[in-house]
Amino acid sequence: MTNLRIGVMYDRDWAPEGLPGFARQAEALGVDDLWVVEDLGWNGGVSAAAVALGATERLRVGIGITPAPLRSPALLAMELATLARVFPGRLVAGIGHGVREWMTSVGVAPRSPLALLEETITSVRALLRGERVELEGREVRLDGVQLVHPPTQPPPVVAGVVRARSLELSGRVADGTLIAEGHGPLDLENTRVLTAKGGAGPEHTLTVLAFACVGDDPGEVARSLHPLTEGQGSWLGRPQEDLFTVSGSAQQAAQDIGALSAAGADTVVLRFAGAEPLRQLEAVLGALGR
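A brief structural summary. Starting from 1, residues in each chain are numbered consecutively following that chain's sequence as written. Residues qualify for local features only when their pLDDT is at least 70, as the model is predicted, and side-chain atom pairs are given and counted only at 80 or more; totals for whole chains, interfaces and linings, by contrast, use all residues. Based on all heavy atoms of the structure, the side-chain values leave hydrogens and waters out of the count.

**Structural notes on the overall build of the protein chain**
Phase 1 of the analysis: Secondary structure counts use DSSP, requiring at least four H or I residues in a row for a helix and at least two E residues in a row for a strand, with both numbered from the N terminus. Helix and strand counts for the protein chain stand at ten helices and eleven strands.
Phase 2 of the analysis: For the radius of gyration, the atom set is restricted to C-alpha positions; the globular benchmark scales as 2.2 Å times the number of residues to the power 0.38. Its C-alpha radius of gyration of 18 Å places the protein chain within 12% of the 19 Å reference for a compact globule of 290 residues.
Phase 3 of the analysis: The contacts of the protein chain with a sequence gap of at least 6 include a subset with a gap of at least 24, amounting to 71%.
Phase 4 of the analysis: For every accessible area listed, the method is Shrake-Rupley and the probe measures 1.4 Å; residues are considered covered only by the protein chains on display. Element-wise, carbon and sulfur atoms account for 51% of the exposed surface of the protein chain, whose accessible area totals about 12600 Å². The contact criterion used is simple: two residues touch if any of their non-hydrogen atoms lie within 4.5 Å.

What follows is the structure, given as structure tokens:
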């Protein structure tokens with residue numbers, strides 16, 4: 001696990017004014033990444049990333065994820081380029097389909113989610129490289145758009161996807177894949193197969209979000225995780241008890257992280273449930289010898 005990155009999520013339910021202090025404390029503990037969320041009705045992902053980047057000195061900040069239907073590729077590239085210019089090497093941009101029901105509720109559900117995601121990721125990456133983009137796609141139209149201030153170090157663009165065809169798409173067009181909470185080592189092995197089928201090489205990264213709860217009382221750990229795993233199980237169509245978590249004692253949590261690393265994870269991002277998430281993070285980092 002020497003090259004494994006450890007990240008922590010700033011949960012969508014935590015008020016945005018707490019983000020600067022949380023980010024600074026997480027950085028002081030020695031974590032590699034902080035990931036923010038963009039879910040409809042919660043915090044804006046790009047603005048949250050800007051807050052976290054501005055509050056810290058070295059943390060890499062990931063956006064997990066911007067829903068493609070909510071974002072003009074040109075505007076998204078402009079926003080990402082601004083952050084990447086000011087904070088070079090410290091941004092990861094996640095883009096995904098978004099939750100279909102939420103996209104429908106605001107009138108932006110695409111005719112072809114796969115086409116929209118592919119065209120968005122392809123055009124955003126090209127714009128971030130400083131290219132002039134001409135695209136007459138099924139869902140995206142760009143007529144000679146080019147950034148005046150492209151980043152000197154384009155941030156990696158990763159696809160936050162779940163289903164098989166989307167994972168193949170990620171392997172074809174993205175720099176990496178972002179895996180949703182609840183997926184375990186066997187899922188990661190399957191993800192590697194599907195992204196490779198799409199054309200991903202060894203440089204294609206896997207970032208895994210993981211529900212986490214660290215404590216010595218198994219009952220309290222289970223109670224803390226239950227609301228998260230219940231909702232995620234329904235969304236993934238899996239029994240709640242089959243969802244993978246990083247949980248238990250700090251040593252057990254470290255072993256869970258090791259299992260994800262052995263299955264191909266490059267980054268594990270912990271989404272803590274229960275009290276004192278930073279104390280839990282500190283315990284996990286200690287068990288990992290960091």
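**Observations regarding the pattern of salt bridges**
Phase 1 of the analysis: What makes a salt bridge here is a side-chain nitrogen of Lys or Arg within 4 Å of a carboxyl oxygen of Asp or Glu, nothing more. Within the structure shown, the criterion is met by 19 salt bridges.
Phase 2 of the analysis: As a salt-bridge pair, Lys197 and Glu168 come within 3.4 Å of each other at their nearest N and O atoms. With Lys197 in helix α7 (residues 185-198) and Glu168 in helix α6 (residues 164-173), this pair connects stretches of sequence that are 29 residues apart.
Phase 3 of the analysis: Taking the relative accessible area as the measure of exposure, Lys197 reaches 62% and is therefore exposed.
Phase 4 of the analysis: The shortest N-O distance in the salt bridge between Arg279 and Glu276 comes to 3.4 Å.
Phase 5 of the analysis: Under the relative-accessibility criterion, Arg279 is labelled partly exposed at 40%. Relative accessibility under 20% of the residue-type maximum defines a buried residue, over 50% an exposed one, and the middle range a partly exposed one, all with a 1.4 Å probe and only protein chains included.

**Comments concerning the pairing of strand β6 (residues 141-145)**
Phase 1 of the analysis: Direction of pairing for strand β5 (residues 133-136) relative to β6: antiparallel, over a ladder of four bridges. Residue pairing for β6: Val133 is matched across the bridge by Val145.
Phase 2 of the analysis: Here, a strand pair is defined by DSSP locating no fewer than two bridges between the strands. Connecting β5 to the antiparallel partner β6 that follows it, the hairpin turn spans four residues.

**Describing helix α10 (residues 277-287)**
Phase 1 of the analysis: Listed in full, the buried residues belonging to α10 are Pro277, Leu278, Gln280, Leu281, Val284 and Leu285. Relative to the axis of α10, the buried residues are bounded by an arc of 155° and lie together on one face.
Phase 2 of the analysis: Buried positions along α10 lie against β1 (5-9), α1 (19-29), β9 (205-214), α9 (250-262) and β11 (267-272). In this context, the arc is that of the directions from the helix axis out to the C-beta atoms.

**Focus: the layout of surface pockets**
To find leftover empty space, one rolls a probe the size of a water molecule over the atoms.
Phase 1 of the analysis: If you add up the space inside the largest pocket, you get close to 980 Å³.
Phase 2 of the analysis: Along its surface, the largest pocket is lined by 37 residues, and Asp39, Gly98, Val99, Ala180 and Trp235 are the ones closest to its centre.
Phase 3 of the analysis: Here the lining of the largest pocket gets five residues from one element, more than from any other, and that element is helix α8 (residues 218-236).
Phase 4 of the analysis: Split by residue class, the lining of the largest pocket holds 21 nonpolar, seven polar and nine charged. Cavity means a closed set of points on a 1 Å grid over the protein atoms alone, one where a 1.4 Å probe fits but cannot get out, pocket means an open set with protein on both sides within 12 Å along at least 5 of 7 lines, and lining means a residue has an atom within 4 Å of a point. Grid points are joined across faces, edges and corners, and a volume is the space filled by probe spheres set on the points. Each residue is assigned to one class: nonpolar for Ala, Val, Leu, Ile, Met, Phe, Trp, Tyr, Cys and Pro, charged for Asp, Glu, Lys and Arg, and polar for all the others, Gly among them.

**Overview of the nonpolar core**
Generally speaking, soluble globular proteins have nonpolar side chains that are buried together.
Phase 1 of the analysis: Grouping buried Ala, Val, Leu, Ile, Met, Phe, Trp, Tyr and Cys residues that are joined through side-chain atoms within 4.5 Å yields what is termed a nonpolar core. Ile6, Leu34, Val246, Ile257, Val268, Leu270 and Leu281 are the most contacted members of the largest nonpolar core, which totals 73 residues.
Phase 2 of the analysis: Ignoring anything within four residues of it in the chain, the contact list for Leu281 reads Val8, Ala26, Leu29, Val31, Leu270 and Phe272.

**A closer look at the packing of aromatic side chains**
Phase 1 of the analysis: Stacked, tilted and edge-to-face are the three classes assigned to paired rings of Phe, Tyr and Trp, where Trp is represented by its six-membered ring and a pair needs centres within 6.5 Å; plane angles under 30 degrees give stacked, over 60 edge-to-face, the rest tilted. Enumeration according to the criterion identifies four aromatic pairs in this entry.
Phase 2 of the analysis: On the basis of an interplanar angle of 80° and a centroid distance of 5.2 Å, the ring pair of Tyr10 and Trp14 is categorised as edge-to-face.
Phase 3 of the analysis: Considering the side-chain rings of Trp42 and Trp102, the 5.9 Å spacing of their centres and the 40° angle between planes classify their relative orientation as tilted. Taken together, the residues Trp42 in the loop between β2 (33-36) and α2 (45-55) and Trp102 in helix α4 (residues 100-105) connect sequence positions 60 residues apart.
Phase 4 of the analysis: Residue Trp102 is classed as partly exposed on the basis of its relative accessible area, which comes to 25%.

**Notes on unusual backbone geometry**
Phase 1 of the analysis: A cis geometry characterises the amide bond from Gly64 onward to Ile65, with omega recorded as 5°.
Phase 2 of the analysis: Mapped onto the fold, Ile65 is located in strand β3 (residues 60-67).
Phase 3 of the analysis: Positive phi values are uncommon outside glycine, yet Glu276 reaches one of about 50°.
Phase 4 of the analysis: Tracing the backbone through its elements, the reader meets Glu276 in the loop between β11 and α10.

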